[in-house]
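# Tertiary structure, described
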Amino acid sequence: MSGPYVVRAAEDPADREACFAVRKEVFVGEQGVPEDIEYDAYDAVAVHVLAIREDGVPLGTGRLLHGEAAAAQTGGDQAVGSLGRLAVTHTARGLGVGAALVRAIEDAARARGLAAVDLHAQTHALGFYERLGYVAYGPEYLEAGIAHRAMRRLL
């Protein structure tokens, strides 16, 4: 792993493809999530963020749903956004990329006037999100065959 990275909004089709490539590597390749459920209609309306190394190699991604798109994830509360599809490539883990992506998504939520961000955390990642100020609520459940808990952070 060489060089610093930047985290920014995915602004063009090439950025979006880089986001999808990271998700395919992590969720489909590593975790065995079926490809047909990894990508959905929300990808067209989500705010995508991308962590990219200075030489152009994508390191991580995440997305923010807001408004109607987030309603199913947040109990219908229009003031709450939904953070999802957070993925960091194997080689970039431990470098702060995930936390930087979460903060960028929170900044995007604030810019849209949202009061909080919800997410569905894989249970092995609960500690990561707790360190960033998220609080788990509700029971554990399966999503794509993987144990999750709902979490929320007030902005």
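Below, the structure is looked at part by part.

About the criteria used
- Residues numbered from 1 in each chain as written.
- Predicted model: local features only at pLDDT ≥ 70, side-chain atom pairs only at ≥ 80, totals over all residues.
- Heavy atoms only, no water.
- Helix = DSSP H or I, 4+ residues; strand = E, 2+ residues; numbered from the N terminus.
- Buried < 20%, exposed > 50% of the residue type's maximum accessible area, 1.4 Å probe, protein only.
- Contact = heavy atoms within 4.5 Å.
- Core = buried A, V, L, I, M, F, W, Y, C linked by side-chain atoms within 4.5 Å.
- Phe/Tyr/Trp six-rings, centres within 6.5 Å; stacked < 30°, edge-to-face > 60°.
- Pairing = 2+ DSSP bridges.

One can find Tyr42 in the loop between helix H2 (35-38) and strand E2 (47-53). The class of Tyr42 is partly exposed, set by a relative accessible area of 31%. As for Tyr42 and Ala136, which are separated by 94 residues in sequence, their C-alpha atoms are 24 Å apart. Apart from residues no more than four positions distant in its own chain, Tyr42 is found in contact with Arg63, Leu65, Ala69 and Ala72.

Ranked by internal contacts, the top residues of the largest apolar core, which has 26 residues, are Leu83, Tyr129 and Tyr134. The element contributing the most residues to this core is helix H4 (residues 97-111), with seven residues. Those residues in contact with Leu83, other than ones at most four positions away along the chain, are Arg63, Val102, Ile105, Val117, Asp118, Leu119, His120, Tyr129 and Tyr134. Core analysis: the second largest hydrophobic core is formed by six residues, Val26, Val33, Ala87 and Ile146 among them.

Let us look at the packing of aromatic side chains. The full count for this structure, using the stated rule, is three aromatic pairs. Where Phe128 meets Tyr129, the ring centres are 4.9 Å apart and the plane angle is 70°; that geometry is what we call edge-to-face. Ring geometry for Tyr129 and Tyr134: centres 6.0 Å apart, planes at 75°, overall edge-to-face. As far as the burial class goes, Tyr129 and Tyr134 line up, both buried. Put simply, the rings of Phe128, Tyr129 and Tyr134 touch in pairs and so form one group of aromatic residues.

Our focus in this paragraph is the pairing of E2. With seven of seven residues buried, E2 is to be regarded as a mostly interior element. On E2, burial covers both faces: Val47, Val49, Ala51 and Arg53 on one face and His48, Leu50 and Ile52 on the other are all buried. As judged from the five bridges shared by strand E1 (residues 5-9) and E2, these two strands associate in the antiparallel manner. What sits directly across from Tyr5, in E2, is Arg53. Sheet analysis places E2 next to strand E3 (residues 58-65), joined by six bridges and oriented antiparallel. Pairing of Ile52 across the sheet is with Pro58, part of E3. Counting the residues that bridge the hairpin from E2 to E3 gives four residues, and of these Gly56 lies at a positive phi of roughly 95°.

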